[in-house]
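# Examining the three-dimensional arrangement
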Amino acid sequence: MNISRKEALKKMAVSSLGVAMAPSIISQAAPSTGKAARKGNINHSVCQWCYGKKTIEELCEAAVDIGIKSVELLGEKDWPMLKKYNLHCAMAYGSNIGLNKGFNDPSLHAELLKQFTASIPKAADAGFTNVITFSGNRNGMDDMVGLENCAKGLEPVMKVAEKYGVTISMELLNSKRNHPDYMCDLTPWGVKLVDKLGSPNFKLLYDIYHMQIMEGDVIATIKEFHPYISHYHTGGVPGRNEIDETQELYYPAIMKAIIETGFKGYVAQEFIPKREDMFASLRQSIDICDV
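Scope of this entry: the structure provided in the associated data block. (Residues numbered from 1 in each chain as written. Predicted model: local features only at pLDDT ≥ 70, side-chain atom pairs only at ≥ 80, totals over all residues. Heavy atoms only, no water.)

## As for the overall build of the protein chain
For clarity, the threshold we go by: Where helices and strands are cited, they refer to DSSP runs of H or I of at least four residues and of E of at least two residues respectively, numbered from the N terminus. Whether a residue is buried, partly exposed or exposed follows from its accessible area with a 1.4 Å probe, protein chains only, as a fraction of its type maximum: under 20%, in between, or over 50%, in that order. Only the protein chains shown count as covering a residue, and every accessible area follows the Shrake-Rupley method with a 1.4 Å probe.
A count of helices and strands for the protein chain gives 10 helices and 8 strands. Counting all 291 residues of the protein chain, 58% fall into the buried class. As presented, the protein chain carries roughly 12,000 Å² of accessible surface, and 50% of it is formed by carbon and sulfur atoms.

Spelled out as structure tokens, the structure:
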């Protein structure tokens, strides 16, 4: 299915409001023989929007079978299904405003505070301690002005997050191919915002796919800025397809670099499967990343 996360977000109602891939590591995913045993060095998650042709329950069943601990980017209405399968939501939605509009727009601060004030306690009560947010697009705004606006808008949100032990994670997205004009499109900008806020409950969602497109130098960036990162997303470059021999990132090395930083959070698969058997693609990606 050729669908973007931006398009998936438009359809979602939130109820609470590099190097070449070595061919030797790639193989077709084997048929399921029961719940997969994983090494435990990486906490595996999967982004639901990439599997829109499947029901939430089908994805949960596959996740359990593959050895995935979390299904993420879900709103409150889908959390009971996760509980049914004893799955975590490693990155929950806290607002329905979307990707293009965010904390860099002062006119949205009151509504964002209202939505996050409602969603954060619900996420915490469900045991989900990571909630996603976005900067919004520039729309002609200077990046430093946008950073100041984000800090002002997020400051009262962080008081709520700190009270409930929830981390607010701003995602780094590429503005070159998928999200034109998005402001939080470079790691150093996000790091400056984290430093500006000075809250232990505000960090970055480092999307490997997006940052390979914008910056490259993925492993060195992870090693340098890992204290600022709460969560990781994967995806094949180019095209956000399977993380196999068709793309330019070598994910085993990236996963090892993440482990070496002492990271204990989640790494979520966020690629768009090309093959008809979507869950075979998902199993293959977890096999590649389970180092």
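## Considering the packing of helix H2 (residues 56-66) against helix H10 (residues 278-289)
To keep it simple, the criterion reads: To define axes, lines are fitted to C-alpha atoms, for helices over the stretch in contact only, and angles between the resulting N-to-C directions are given on a 0 to 180 degree scale. Crossings are classed by handedness, with left-handed meaning an anticlockwise turn of the near helix from the far one by less than a right angle and right-handed meaning a clockwise turn. The contact criterion used throughout is that any non-hydrogen atoms of two residues lie within 4.5 Å. By the convention adopted, Pro, Cys, Tyr, Trp, Phe, Met, Ile, Leu, Val and Ala count as nonpolar, Lys, Arg, Asp and Glu as charged, and the other residues, Gly among them, as polar.
H10 packs onto H2 with a crossing angle of 35 degrees between their chain directions and a minimal axis gap of 11 Å. The handedness of the crossing between H2 and H10 comes out as right-handed. Every residue of H10 that contacts H2 at Glu 58, Leu 59, Ala 62, Asp 65 and Ile 66 is listed here: Phe 279, Leu 282, Arg 283 and Ile 286. Here the residues of the contact of H2 with H10 sort into 6 nonpolar, no polar and 3 charged.

## Here we look at the packing of aromatic side chains
Selection rule: Centre distance within 6.5 Å is the pairing criterion for rings of Phe, Tyr and Trp, where only the six-membered ring of Trp is used; planes under 30 degrees apart are then read as stacked, over 60 as edge-to-face, and the remainder as tilted.
Tallied over the full model, the rule gives 6 aromatic pairs. Here the aromatic rings of Trp 79 and Phe 128 are separated by 5.2 Å at their centres, their planes lie at 85 degrees, and the arrangement is edge-to-face. In this pair, Trp 79 is assigned in helix H3 (residues 79-84) and Phe 128 in the loop between helix H4 (109-126) and strand S4 (130-133), connecting sequence segments 49 residues apart. Residue Trp 79 is classed as buried on the basis of its relative accessible area of 5%. For Phe 128, a relative accessible area of 1% gives the class buried. On the numbers, 6.2 Å between centres and 70 degrees between planes, the contact of Phe 225 with Tyr 228 is edge-to-face. Residue class for Phe 225 comes out buried when judged on its relative accessible area of 17%.

## A closer look at the pattern of salt bridges
To be explicit about the condition: Counted as salt bridges are all cases of a side-chain nitrogen of Lys or Arg within 4 Å of a carboxyl oxygen of Asp or Glu.
Taken as a whole and assessed by the stated rule, the structure comprises 9 salt bridges. With a closest N to O distance of 2.6 Å, Glu 57 and Lys 84 form a salt bridge. One end of the pair, Glu 57, is in helix H2; the other, Lys 84, is in helix H3, with 27 residues separating them in the sequence. The exposure class of Glu 57 is partly exposed, given its relative accessible area of 24%. A residue is classified by how much of its surface remains accessible, and Lys 84, at 57% relative accessible area, is exposed. What emerges from the salt-bridge pattern is a single network uniting Arg 138, Asp 143 and Asp 185.

## Considering the nonpolar core
Using the following cut-off: Residues belong to a common nonpolar core when they are buried Ala, Val, Leu, Ile, Met, Phe, Trp, Tyr or Cys residues joined through side-chain atoms within 4.5 Å.
Among the nonpolar cores identified, the biggest contains 90 residues, and Ile 168, Leu 193, Ile 208 and Met 255 are the most heavily contacted of them. If one sorts the elements of this core by residue count, helix H5 (residues 143-164) sits on top with 8 residues. When near neighbours in sequence (up to four residues on either side) are disregarded, Ile 208 contacts Val 218, Tyr 232, His 233, Leu 249, Tyr 251, Ile 254, Met 255 and Ile 258.

## A look at the side chain of Ser 285
Looking at the element boundaries, Ser 285 is found in helix H10. Beyond its immediate sequence surroundings of up to four residues, Ser 285 is in contact with Ile 243, Gln 269 and Phe 271.

## Observations concerning empty space enclosed by the protein
The cut-off we apply is this: Whether a set of points on the 1 Å grid over the protein atoms alone is a cavity depends on a 1.4 Å probe fitting there but being unable to get out, while an open set qualifies as a pocket with protein on both sides within 12 Å along at least five of seven lines; lining residues are those with an atom within 4 Å of a point. Grid points are joined across faces, edges and corners, and a volume is the space filled by probe spheres set on the points.
As a volume, the largest cavity reaches approximately 80 Å³. Looking at the largest cavity, it is lined by 13 residues, and the ones nearest its centre are Ser 95, Gly 98, Phe 116, Thr 133 and Phe 134. Of all elements in the fold, only H4 and S4 reach the threshold of two or more residues within the lining of the largest cavity. Counted by class, the lining of the largest cavity contains 7 nonpolar, 5 polar and 1 charged residues.

## Details of the environment of Ala 110
Structurally, Ala 110 can be placed in helix H4. You can call Ala 110 exposed: its relative accessible area is 60%.

## Remarks on the sheet that holds strand S3 (residues 92-93)
Formally: Criterion used throughout: strands pair if DSSP finds at least two bridges between them.
The parallel open sheet is built from 8 strands, whose spatial order is S2-S1-S8-S7-S6-S5-S4-S3. Of all the strands in the sheet, the pair left with one neighbour each is strand S2 (70-72) and S3. With 2 bridges connecting them, S3 and S4 associate as parallel partners. Counted as the bridge partner of Ala 92 is Val 131 from S4. Each of S4 and strand S5 (167-171) touches H4; the most contacted strand, S4, lies at about 155 degrees to it. Helix-sheet contacts for helix H6 (residues 187-197) involve S5 and strand S6 (202-207), and the interaxial angle to S6 is about 165 degrees.

## Concerning the pairing of S5
On a regular strand, each side chain points to the face opposite its neighbour's, so the side chains alternate between the two faces of the sheet. Among the 5 residues of S5, 5 are classified as buried, and the element is accordingly described as predominantly covered. Residues Thr 167, Ser 169 and Glu 171 point to one face of S5 and Ile 168 and Met 170 to the other, with burial holding for every one of them. As judged from the 4 bridges shared by S4 and S5, these two strands associate in the parallel manner. Along S5, the bridge assignment pairs Val 131 with Ile 168.

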